[in-house]
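Report on the structure
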Amino acid sequence: MGKVYTGIDKSGSYRVYLAIATDVAEEARKIHRTTPLATAGLGRVLIGAGLMGIGLKNETDRLTVSFKGDGPAGQILATAYANGNVKGYISNPDVDLPLTEYGKLDVGGSLGIGQLTVIKDIGLKEPYTGSIDFVTGEIADDLTAYYYISEQQNTSIALGVKVNVDGSVAAAGGMFIQMLPGCEEASIDALEAMLGDLPPLTSVIEKVTEANAGMTETGLSDALAEEIFGKMPEEYQLCKLETREIKWKCDCSEERIEKALMAIGVHDLKEIIEDDGQAELTCQFCEKKYHFGRKQLEAILEAIM
């Protein structure tokens, strides 16, 4: 479970969602048994989607973020809910590439050329869908560009996942800054100066965690906000609104998997019954297996005929 600091600056110029979400990225790594490169890509998409989901209004609202490219990673997808639950998967959890010339995991290279799609289901007749071509293939860069191009909102997103030598997640987190209507021009200058001097987010998270050993997760997220925004001019410093949560949770069920079987159609379902007499489906998000015997399949077939 990750803690999310939410705040707005004193002038009302910008809002911030700031998360330490190491446990979320580590849970995804364990479930999907990812390589370090896949861990970094999937973790960033999960945290990015989770921070975007925090901004949804209703408890049942959800959004899906999909990065689909022609690179060896294939697709990285995450679904996030307003309550902070997130789930996701990567098409190729075994993806591996050499480090970049800067010694970093090459998430952009693993995705290649492709498209970022955001789908928001907020209770309307049809979900809202927005898409842009990859700008760099780096998750935070492309999400920042998405908000500017598709939603006309000035937003800055930073995401980081640091992986240990043994493949586990050492630190992971995200920062979402969005300018508000009527923002003061000077606040933008102050934020740009702060972001220009900011070390990698995972380095800041590690520094804060080490300096505050034994502190609660909520206390650590507060300390992270102070570390990053504490040197902003007085009028643009943050006022805390509340602490939220991001947590890995898959909501798959036998009922949902049944609907997937119904969707394949009468012809294909008859073939499965005649050829195999059973079916086993695996949830893409949590890899839980669901087994359906002949009688169950026949009942599903009868329901759609």
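Let us look at the structure shown here. Predicted model only: the values in this text are computed from it and were never measured. (Residues numbered from 1 in each chain as written. Predicted model: local features only at pLDDT ≥ 70, side-chain atom pairs only at ≥ 80, totals over all residues. Heavy atoms only, no water.)

With respect to the overall build of the chain
Helices and strands together make up the secondary structure of the chain, namely ten helices and twelve strands. In terms of overall dimensions, the chain is globule-like: its C-alpha atoms have a radius of gyration of 21 Å, near the 19 Å expected for 305 residues. With the C-alpha coordinates of the chain rotated into their principal frame, the extents come out at 70 × 45 × 40 Å. Looking at the chain as a whole, 50% of its 305 residues are labelled buried. Here the contacts in the chain between residues at least 6 apart in sequence split such that 63% fall between residues at least 24 apart. (Helix = DSSP H or I, 4+ residues; strand = E, 2+ residues; numbered from the N terminus. Rg over C-alpha atoms; globule rule 2.2 N^0.38 Å. Buried < 20%, exposed > 50% of the residue type's maximum accessible area, 1.4 Å probe, protein only. Contact = heavy atoms within 4.5 Å.)

Some remarks on the sheet that holds strand 4 (residues 75-81)
Read from one edge to the other, the open sheet built from ten strands follows the order 7-6-3-4-5-10-1-2-9-8, with strand pairing classed as mixed. Taken across any chain shown, the strands that pair with only one partner, and hence form the sheet edges, are strand 7 (128-133) and strand 8 (155-163). For this sheet, the mean inter-axis angle between neighbouring strands, taken without regard to orientation, is 15°. Inspection of the sheet shows strand 5 (residues 85-90) paired to strand 10 (residues 238-248) by two bridges, in the parallel sense. When the bridges of strand 10 are listed, Val86 appears paired with Trp248. (Pairing = 2+ DSSP bridges. Axes fitted to C-alpha atoms, helices over the stretch in contact; angles between N-to-C directions.)

Considerations on the packing of aromatic side chains
A complete count under the given rule lists six aromatic pairs for this structure. Taken together, a centroid distance of 6.2 Å and an interplanar angle of 25° make the contact between Tyr14 and Phe229 stacked. Residue Tyr14 is found in strand 2 (residues 14-20), and its partner Phe229 is found in helix 7 (residues 217-229); the two are separated by 215 residues along the sequence. The class of Tyr14 is buried, set by a relative accessible area of 0%. Each ring, one from Phe67 and one from Phe134, has its centre 5.8 Å from the other, and the planes form 35°; the classification is tilted. You can see Phe67 sitting in strand 3 (residues 62-69) and its partner Phe134 sitting in the loop between strand 7 and helix 4 (139-150), a full 67 residues away along the chain. Pair check on accessibility: Phe67 and Phe134 agree, each one buried. In textbook terms, an aromatic cluster arises when at least three aromatic residues are bridged by ring pairs, as seen for Tyr17, Tyr146, Tyr147 and Phe176. Looking at Lys87, its charged tip hangs above the ring of Phe285, at a distance of 4.4 Å from the centre. (Phe/Tyr/Trp six-rings, centres within 6.5 Å; stacked < 30°, edge-to-face > 60°. Lys NZ or Arg CZ within 6 Å of the ring centre and 35° of its normal.)

A word on the layout of surface pockets
A probe as big as a water molecule, rolled over the atoms, marks out the empty space that is left. If you add up the space inside the largest pocket, you get close to 810 Å³. If you trace the largest pocket, you find 27 residues lining it, with Arg44, Lys104, Leu159, Gly160 and Pro200 closest to the centre. When residues of the lining of the largest pocket are assigned to their parent elements, the largest contribution, eight residues, is made by strand 8. Along the lines of polarity and charge, the residues of the lining of the largest pocket split into 15 nonpolar, seven polar and five charged. (1 Å grid on protein atoms, 1.4 Å probe; cavity = no way out; pocket = protein on both sides within 12 Å on 5 of 7 lines; lining within 4 Å. Points joined across faces, edges and corners; volume = space filled by probe spheres on them. Nonpolar A, V, L, I, M, F, W, Y, C, P; charged D, E, K, R; others polar.)

Regarding helix 4
Across its twelve residues, helix 4 extends 16 Å between first and last C-alpha, which sits within 8% of the 16 Å expected from 1.5 Å per residue. Where helix 4 is concerned, the buried positions are Ile139, Ala140, Asp142, Leu143, Ala145, Tyr146, Tyr147 and Ser150. One or two residues past the end of helix 4 sits Gln152, with phi positive at roughly 55°. (Expected span 1.5 Å × (residues − 1).)

Some words on the packing of helix 9 (residues 266-275) against helix 10 (residues 294-304)
For the pair helix 9 and helix 10, the least separation of the axes is 10 Å and the interaxial angle reads 160°. Viewed along their axes, helix 9 and helix 10 adopt a mutual orientation that is roughly antiparallel. The crossing of helix 9 and helix 10 is left-handed. Contacts from Val266, Leu269, Lys270, Ile272 and Ile273 of helix 9 reach helix 10 at Arg294, Leu297, Glu298, Ile300, Leu301 and Ile304. Counted by class, the contact of helix 9 with helix 10 contains eight nonpolar, no polar and three charged residues. (Parallel < 35°, antiparallel > 145°, perpendicular 65-115°, else oblique. Left-handed = near helix turned anticlockwise from the far one by under 90°.)

Some details on a nonpolar patch on the surface
Judged by side-chain polarity, Val135, Tyr148 and Ile149 come together as a nonpolar surface patch covering roughly 330 Å² of accessible area. Summarising the element assignment, Val135 is placed in the loop between strand 7 and helix 4. (Patch = residues over 30% accessible without salt bridge, like charges linked within 9 Å, V, L, I, M, F, W, Y side chains within 5 Å. Areas by Shrake-Rupley, 256 points an atom, 1.4 Å probe, with all protein chains shown as cover. Salt bridge = Lys/Arg side-chain N within 4 Å of Asp/Glu carboxyl O.)

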